[in-house]
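Coordinates in review
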Amino acid sequence: MNDILVIGSLNMDFVVEVPKSPLPGETIIANKFSLVPGGKGANQAFALGRLGARVSMIGAVGNDEYGKKLIDNLKLAHVNTKKIFKMNDVNTGNAFINVDKSGENSIVVVSGANEKITKEFIDNNICYIKRAKIIVMQLEIPIEVVTYVAKIAKELGKIVVVDPAPARCDLPDELFSNVDIMKPNETELQTLSGIKLNNEEDILKGAKILLNKGVKNVIVTLGANGSMLVNANGYKKFDALKVDVVDTTAAGDSFTAGLVNSLVLGKSLEDAIKYGHIVSSIVVTRKGAQSSIPTKMEVSKYIKEVGLVNE
Ligand code: RIB
């Protein structure tokens, strides 16, 4: 039995290292180009596998070379890929990523096969939801599918974790009410809550809007400023580790994976958040999405080296 089911996207990332992001109408020369396995769903599944979790993924790729590479990479992390469908007449999803010299990125996704996932896929593979303890989703597949899965999963008593990226302002209320943990970053929270976030108080206000819609726990990630957990008990802040940032791609995905991995091991939500920060702090010191994700052993070694105690 697999403890965790990730339902989400797989993309081949076209990564361009640039001295700075181009302005509208500007042409710039890149320093480097690389192809890296990515996609928010696949990154989370890959990271969970590398951290030692028993994880399956439901998703879709095209019947092409990139789709095959993405599935092969997940297999290297011991992810159960039996329910990643190879679809004819559609390409594997792609993401076009600029990474500037401060490590910040901007991403454009061409969904391809990711948008072909249907409720029928889910109905036909409902046993995967039944067998899992935690269901993890993001928003790079159709929203009606995410909403449908959250409802079924809640009815079956599962823990539902949603990383609301890329964020949109038209999420159905029904989705919020079936989510146990939602993990927006600051920009995503601004879109989801509809309010401008200028300070900590605003972030709290934004998170409370999601709580009022029925989310049980909101974890707002704040980059170098750590994160904030907001729920019915109040709020708590967590520090990020200080590291030299090379590339922030998959920082959020690896945070989610670290968090979920700890939860499935029975850790408290607070300890799970701390572990999420540790995993993502390693990821941002390396280039690329799945190429940057550490193994469980690498994380343990890092914890010892920097003298952390909450593994
Ligand atoms: O979160 C990072 C991911 O976003 C990239 O791997 C890219 O594929 C996009 O989905």
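Check the entry above for the structure.
Parameters and conventions
Residues numbered from 1 in each chain as written. Predicted model: local features only at pLDDT ≥ 70, side-chain atom pairs only at ≥ 80, totals over all residues. Heavy atoms only, no water. Helix = DSSP H or I, 4+ residues; strand = E, 2+ residues; numbered from the N terminus. Expected span 1.5 Å × (residues − 1). Buried < 20%, exposed > 50% of the residue type's maximum accessible area, 1.4 Å probe, protein only. Contact = heavy atoms within 4.5 Å. Axes fitted to C-alpha atoms, helices over the stretch in contact; angles between N-to-C directions. Left-handed = near helix turned anticlockwise from the far one by under 90°. Nonpolar A, V, L, I, M, F, W, Y, C, P; charged D, E, K, R; others polar. Pairing = 2+ DSSP bridges. Right-handed = clockwise from strand over helix to strand, strands pointing away. Near = heavy atom within 4 Å. Polar contact = N/O pair within 3.5 Å; in protein donor to acceptor, adjacent residues only side chain to side chain. Areas by Shrake-Rupley, 256 points an atom, 1.4 Å probe, with all protein chains shown as cover. Phe/Tyr/Trp six-rings, centres within 6.5 Å; stacked < 30°, edge-to-face > 60°. Core = buried A, V, L, I, M, F, W, Y, C linked by side-chain atoms within 4.5 Å.

A few words now on helix H5 (residues 143–155). Between its terminal C-alpha atoms H5 stretches 18 Å, which fits the 18 Å expected from 13 residues at 1.5 Å a residue. Of all the positions in H5, only Ile143, Val145, Val146, Thr147, Val149, Ala150, Ile152 and Ala153 are classed as buried. Those residues of H5 hidden inside the fold are in contact with strand S1 (4–7), helix H3 (119–124), helix H4 (126–131), strand S8 (134–137), strand S9 (159–162) and helix H6 (173–177). At the C-terminal side of H5, Gly157 shows a positive phi close to 80 degrees.

Between helix H9 (residues 251–264) and helix H10 (residues 269–283), the shortest axis-to-axis distance is 7 Å and the interhelical angle comes to 145 degrees. The interaxial crossing formed by H9 with H10 has right-handed handedness. Judged by residue contacts, Ala251, Ser254, Phe255, Gly258, Leu259, Asn261, Ser262 and Leu263 of H9 engage Leu269, Ala272, Ile273, Tyr275, Gly276, His277, Val279, Ser280 and Val283 from H10. Residues that form the contact of H9 with H10 fall into these classes: ten nonpolar, seven polar and no charged.

A few words now on unusual backbone geometry. Cis rather than trans, the peptide bond between Ala165 and Pro166 has omega equal to -5 degrees. Topologically, Pro166 is positioned in the loop between S9 and H6. Despite not being glycine, His78 shows a phi value in the positive range, around 65 degrees. One non-glycine residue, Asp89, lies in the positive phi region at around 65 degrees. One can find Asp89 in the loop between strand S5 (80–87) and strand S6 (93–99).

Sheet topology note: the S8/S9 ladder contains four bridges and is parallel. Considered in S9, the bridge of Ile134 is made with Ile159. Each parallel crossover has a hand, and the one from S8 via H5 to S9 is right-handed. In terms of strand pairing, S9 meets strand S10 (residues 181–182) through two bridges, oriented parallel. Looking at the pairing, Val161 lines up with Ile181 of S10.

This part is about the site of the ligand. Around the ligand sit 13 residues in total, of which Asp13, Gly39, Lys40, Glu140 and Asp253 are the nearest. Here an oxygen atom of the ligand sits 2.9 Å away from a polar atom, N or O, in the main chain of Gly39. Here Asp253 contributes a side-chain N or O atom positioned 2.7 Å from an oxygen atom of the ligand. Protein contact buries 96% of the 280 Å² of open area that the ligand shows by itself. Counting only elements with at least two residues in the shell around the ligand, the list comes to strand S2 (11–17), helix H1 (40–50) and S6. Split by residue class, the shell around the ligand holds five nonpolar, four polar and four charged.

Counted according to the given criterion, the structure contains four aromatic pairs. Aromatic side chains Phe14 and Tyr66 sit 5.8 Å apart centroid to centroid with 90 degrees between the ring planes, which places their arrangement in the edge-to-face category. One end of the pair, Phe14, is in strand S2; the other, Tyr66, is in helix H2 (residues 65–76), and 52 residues separate them in sequence. Overall, the relative accessible area of 17% leaves Phe14 in the buried class. Chaining the aromatic ring pairs together yields one cluster made of Phe14, Phe33, Tyr66 and Phe96.

On to the nonpolar core, then. One finds Ile4, Met57, Leu74 and Leu259 to be the most contacted residues of the largest nonpolar core, which totals 48 residues. The next biggest cluster of nonpolar side chains, apart from the first, holds 44 residues, and it includes Leu5, Ile143, Val179 and Met182.

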